[in-house]
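Each chain, letter by letter, is given below.
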Amino acid sequence: MDKKEIEQLRRLLDKPKKIVIVPHKSPDGDALGSSLALYLFLKSKGHQVKVISPNDYPQFLKWMPGEAEILKFDQDVEKSKKIISEAELIFTLDFNHFSRAGDMEDSLKNATADFVMIDHHQEPDTYAKFMESDTAMSSTSQMIYHFLYRIDQLNAVTAEIATCLYTGIMTDTGCFRFPSTTSATHRTVAFLMDRGAKNSEIYQQIYDANSLDSLQLLGTALKNIKVLKEYRTAYISLSQDELDSCNFKKGDTEGFVNYILSLKNIIFAVIFIENKQEGIIKMSLRSKGSFDVNQVARKYYHGGGHRNAAGGRSSENMEKTIKGFFDILPEYENELK
């Protein structure tokens, strides 16, 4: 958004509005952190606001300020549709195509409200009247901080808002170790800590809340690691039976793919996770350096994301999906070597 658009949006927010905030399907820490921070800010300014998530999310995110007020579309479809249809302004956060909203896609397409997109993924769609798209940003939560700065509202950041934004930045930067972490990211985090975000407590809520089942599933995953030395690639596969044997819950495989990326001389890592209910193999792709997993996910796996972190899916079974993965690796041989 240029200065003129920011000013136009600021004026729109000067008067109470019916506003909906939407994160992407299966929201992560950044999607929820940015959504809840914006929710808390807009609510404090007298707006009638609702966060509507396409579906549920991991238990380790359910402590966040304002989380109890989130409406799940798949659990209350008619109420969600009504709120969306009556909205005057809809913020879509941490995604840039309606397809990333899952079953909410049609409701969003049919909405009469103006859209505001704030997102840091590549190749944004053009549905939003107000669009803030910056792939250089570490996270959408960092973008919400900059949005508040641009509308001169940083003084409205409470400890609860700071906590949500810190959570989003921390999780999407891999605890500040990914290349997207810049000096500006650290300056943002310093501000948030000054406003009341308690860094060690937030870390513990996210990363020190493992169940015995989730740790046993990690053990199974690590046993399943396969290394393709000639392509500097490694992968993990987890079948539905393996998930069920460890009482899998949403979020239990979060971060598993990073373990394989930590292997020496590996620059491309993938985890394949069977989901029989949806009839797909879900995939998370990670890379180091210049190898672009976003392009791989977009070209072959109906997905996308960032250069070094992307997601996708396959409608084939596990055996055929992995065979297909082997088949595409020669195309990237020069880049991987």
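Before reading on, note that the structure itself is shown above.
In this text, all values refer to a predicted model and were calculated from it rather than measured experimentally. (Residues numbered from 1 in each chain as written. Predicted model: local features only at pLDDT ≥ 70, side-chain atom pairs only at ≥ 80, totals over all residues. Heavy atoms only, no water.)

**Digging into the overall build of the chain**
Along the backbone of the chain there are 14 helices and 12 strands. Radius of gyration (C-alpha) of the chain: 20 Å, near the 20 Å computed for a compact globule of 337 residues. For the chain, the spread of C-alpha atoms along the principal axes amounts to about 60 × 40 × 40 Å. Counting the 337 residues in the chain, one finds 50% classified as buried. Long-range contacts, defined here as pairs at least 24 residues apart, represent 65% of the contacts in the chain between residues at least 6 apart. Treating the 42 positive side-chain charges of the chain as one cloud and the 46 negative ones as another, the clouds have centres 2 Å apart. (Helix = DSSP H or I, 4+ residues; strand = E, 2+ residues; numbered from the N terminus. Rg over C-alpha atoms; globule rule 2.2 N^0.38 Å. Buried < 20%, exposed > 50% of the residue type's maximum accessible area, 1.4 Å probe, protein only. Contact = heavy atoms within 4.5 Å. Lys, Arg positive; Asp, Glu negative; His and termini not counted. Charge placed at Lys NZ, Arg CZ, Asp CG, Glu CD.)

**Quick notes on the pattern of salt bridges**
The full count for this structure, using the stated rule, is 14 salt bridges. Here aspartate 14 and arginine 10 are joined by a salt bridge, their closest N and O atoms 3.3 Å apart. Note that aspartate 114 is salt-bridged to lysine 129, the shortest N-O span being 3.7 Å. Of this pair, aspartate 114 sits in strand E5 (residues 114-119) while lysine 129 sits in the loop between E5 and strand E6 (130-133), and the two are 15 residues apart along the sequence. Three or more residues are tied together by salt bridges with common partners; here these are Glu7, Arg10, Arg11 and Asp14. (Salt bridge = Lys/Arg side-chain N within 4 Å of Asp/Glu carboxyl O.)

**Topic: the side chain of asparagine 96**
Tracing the backbone through its elements, the reader meets asparagine 96 in the loop between strand E4 (89-93) and helix H4 (105-110). A relative accessible area of 4% means that asparagine 96 is categorised as buried. Within polar-contact distance, the side chain of asparagine 96 engages the side chain of aspartate 119 at 3.0 Å. Only 3.2 Å separates the side chain of asparagine 96 from the backbone oxygen of glutamine 122, close enough to count as a polar contact. Asparagine 96 has contacts with Met117, Asp119, His121, Gln122, Glu123, Pro124, Asp125 and Tyr127, leaving out every residue within four places of it along the chain. (Polar contact = N/O pair within 3.5 Å; in protein donor to acceptor, adjacent residues only side chain to side chain.)

**Examining the pairing of strand E10 (residues 280-287)**
The buried fraction of E10 is high, at 6 of 8 residues. Summarising the sheet, strand E9 (residues 268-275) and E10 pair through 8 bridges and their orientation is antiparallel. Residue isoleucine 273 lies in a different strand from E10, and its bridge partner there is lysine 282. Linking two consecutive strands that pair antiparallel, namely E9 and E10, is a turn of 4 residues; a positive phi of about 70° is found at glycine 279 within it. Pairing of E10 with strand E12 (residues 309-314) involves 6 bridges; the strand directions are antiparallel. Paired with arginine 286 across the two strands is alanine 309, which belongs to E12. (Pairing = 2+ DSSP bridges.)

**Points about the environment of methionine 104**
With respect to the helices and strands, the residue methionine 104 is situated in the loop between E4 and H4. Each C-alpha atom of the pair methionine 104 and aspartate 74 lies 8.5 Å from the other, and the pair is 30 residues apart in sequence. Here methionine 104 is in contact with Val22, Ile52, Ser53, Pro54, Phe73 and Ile84, once residues within four sequence places are set aside.

**Quick word on the sheet that holds strand E8 (residues 233-238)**
What holds strands together in a sheet is hydrogen bonding between their backbones, with the strands either parallel or antiparallel. The 6 strands lie next to each other as E7-E8-E9-E10-E12-E11, forming an open sheet whose pairing is mixed. Whereas interior strands pair on both sides, the edge strands pair on one side only; in this sheet they are strand E7 (226-228) and strand E11 (304-305). Contacts from helix H13 (residues 318-328) reach E7, E8, E9, E10 and E12, with the element oriented near 160° to E9. (Axes fitted to C-alpha atoms, helices over the stretch in contact; angles between N-to-C directions.)

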